[in-house]
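Descriptive analysis of the structure
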Amino acid sequence: MRLHALEALLLLALTGPALAQNADRQQPMDIASDAGDLLMSEDGESTLLGNVNITQGSLHVQADKAVVQRRGGDPVSITLTGN
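Right, let's walk through the structure included here. Please read all numbers here as calculations on a predicted model, not as lab measurements.

L48, V52, I54, V61, A63, A66, V68, I78 and L80 form the largest nonpolar core, which has nine residues in total. Listed by contribution, the elements that provide at least two residues to this core are β4 (44-56), β5 (59-71) and β6 (74-81). Sorting elements by how many residues they give to this core places β5 first, with four residues. Apart from residues no more than four positions distant in its own chain, A63 is found in contact with N51, V52, L80, T81, G82 and N83.

As structure tokens, then:
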């Protein structure tokens, strides 16, 4: 199943205050993985593999693989698979 990380984070934010803080959207997004193509450029696509962890404020998601689309240096979409 594919899940867009930003949509997942938004869904988590809308499920109730126990799961997310209102300020989560304004927090920086931290993305880590075991390996990646190291193309985290200003614009374009990067693939991260193995133990992908994405944190933004109080929100946290995990996956086996993430494809990150960036525009102007900011992630605009993240497609997660696995885990």
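Now for the environment of D37. Positionally, D37 belongs in the loop between β3 (35-36) and β4. The exposure class of D37 is partly exposed, given its relative accessible area of 33%. For the pair formed by D37 and T47, sequence separation is ten residues and the distance between their alpha carbons is 5.9 Å. Among residues more than four places away in sequence, those in contact with D37 are E45, S46 and T47.

Bringing the side chain of R70 into the picture now. Relative to the elements of secondary structure, R70 occurs in strand β5. Judged by its relative accessible area of 18%, R70 falls in the buried class.

This brings us to the pairing of β5. Pairing of β4 with β5 involves eleven bridges; the strand directions are antiparallel. Looking at the pairing, E45 lines up with Q69 of β5. In this antiparallel pair of consecutive strands, β4 and β5, the connection spans two residues, and G57 shows a positive phi of 60 degrees. Examined bridge by bridge, β5 and β6 share seven bridges and lie antiparallel to one another. Of the residues in β6, the one forming a bridge with R70 is P75.

Once that is clear, we can look at the environment of T81. By the element assignment, T81 lies in strand β6. T81 sits in the partly exposed class, given a relative accessible area of 24%. Here the alpha-carbon distance between T81 and D64, two residues 17 residues apart in the chain, equals 6.1 Å.

Thresholds applied
- Residues numbered from 1 in each chain as written.
- Predicted model: local features only at pLDDT ≥ 70, side-chain atom pairs only at ≥ 80, totals over all residues.
- Heavy atoms only, no water.
- Core = buried A, V, L, I, M, F, W, Y, C linked by side-chain atoms within 4.5 Å.
- Buried < 20%, exposed > 50% of the residue type's maximum accessible area, 1.4 Å probe, protein only.
- Helix = DSSP H or I, 4+ residues; strand = E, 2+ residues; numbered from the N terminus.
- Contact = heavy atoms within 4.5 Å.
- Pairing = 2+ DSSP bridges.

By themselves, these are just geometric observations and shouldn't be taken as functional.
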